[in-house]
Amino acid sequence: MLALRFNGPRHADRFGSDLGLLVHDFFGGLPDFWEAAPFARTAYPALSVWQDETSVFVEASVPGLKPENLELTVVDNELILKGRRESERKSGDVAHCHEIRVGEFTRVIALPVEVDTDRISATLRDGVLEVTLPKAESAKPHKIEVTVGR
Amino acid sequence: MSTDVCTTKQCRDNAKETGGTRTAVFRPPIDIVERDNAYLVAVDMPGIRSGTTDVHFERDLLTIEAELAAAEVPADGYLVREVATGTFRRSMRFEQAIDVDGITAEYRNGVLTVRLPKPREATSRKIRIEGTSA
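Thoughts on the interface of chain A and chain B
Consideration 1: Listed by partner, the interface residues are 37 residues for chain A and 33 residues for chain B.
Consideration 2: Counting the surface lost from both chain A and chain B, the interface buries some 3000 Å², and carbon and sulfur atoms represent 53% of this.
Consideration 3: In this assembly, chain A and chain B are joined by four salt bridges.
Consideration 4: Measuring nitrogen to oxygen at the nearest pair gives 2.7 Å for the salt bridge that ties Arg90 of chain B to Glu99 of chain A.
Consideration 5: Counting the contacts that link chain A with chain B gives 20 residue pairs in polar contact (both at pLDDT 80 or more).
Consideration 6: Those elements that provide at least two residues to the side of chain A that touches chain B are strand 3 (47–51), strand 4 (55–61) and strand 7 (94–98) of chain A.
Consideration 7: Grouping the amino acids of the side of chain A that touches chain B by side-chain chemistry returns 18 nonpolar, nine polar and ten charged.
Consideration 8: Sheet analysis places strand 7 of chain A next to strand 1 (residues 30–34) of chain B, joined by four bridges and oriented antiparallel.

A look at the sheet that holds strand 3 (residues 54–58) of chain B
Residue and element names in this part refer to chain B.
Consideration 1: The sheet built from three strands is open, its strands ordered 3-4-6 with antiparallel pairing. What marks the edges here is a single partner per strand, and that holds for strand 3 and strand 6 (86–93). Taking each pair of neighbouring strands and ignoring which way they run, the sheet shows an average axis angle of 10°.
Consideration 2: Across five bridges, strand 3 lies against strand 4 (residues 61–68) in antiparallel orientation. Each residue of the ladder has a partner; that of Val55, found in strand 4, is Ile64.

Parameters and conventions
Residues numbered from 1 in each chain as written. Chains lettered and ligands numbered in written order. Predicted model: local features only at pLDDT ≥ 70, side-chain atom pairs only at ≥ 80, totals over all residues. Heavy atoms only, no water. Contact = heavy atoms within 4.5 Å. Buried area = accessible area lost by both parts, 1.4 Å probe. Salt bridge = Lys/Arg side-chain N within 4 Å of Asp/Glu carboxyl O. Polar contact = N/O pair within 3.5 Å; in protein donor to acceptor, adjacent residues only side chain to side chain. Helix = DSSP H or I, 4+ residues; strand = E, 2+ residues; numbered from the N terminus. Nonpolar A, V, L, I, M, F, W, Y, C, P; charged D, E, K, R; others polar. Pairing = 2+ DSSP bridges. Axes fitted to C-alpha atoms, helices over the stretch in contact; angles between N-to-C directions.

In structure tokens form, the structure reads like this:
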């Protein structure tokens, strides 16, 4: 079971996902987030994580962000995603509907297996961040041959 | 003419689930901002499957519909699954006059921005006073 670690500094907010996991989410710039979506009890950004035999894959929905607004780090087998979404408002704008959240965000994902940090790749396209984390050799399945004992 | 456009509460009330061949699954966040000469509607739609976007304005209703592509993952391969996929539709009513022919839409960084210009007469104009020393 994948664990999304909870760590509770100030401003931290704890959200349970459908899988009952604890999520480490940490919003800076509180006023913007709460103003924008005071009743939205969902973690930001939305993440999907899956794996196959060779790699772990992470997908994050980050519309409105460019690569320079994002920071990805892997340390101690945790993937840390930090970012900042700027507001598009100009002075004089009258807001009639304000659901899009702006400000800083951080999410931490504890990876299920050890990964080869030198070969991690990440691409951002149309607001979707895709991270591919190749598993370390030792983490890949290895077939073990069984010989008949005497 | 009413000067009210969508307020946040109205955004939710006005969203219509009209019948169609595709079922609306979820509601992506929307910002509506009024500038001097236009309304701007921004919708968070990361990773649209190409060819599935539909934006149309009928009478006073703007409807935005698209399908967000899902990654190809075997059903039991997911460890965490929060990213929204599938089709969605949101509608909003504009009681103010809109120059329908001038509506434009742009998709960038996963955000669809629809620009609805106000008709020319609606923007303020300074009126010159003739024949006085004022």
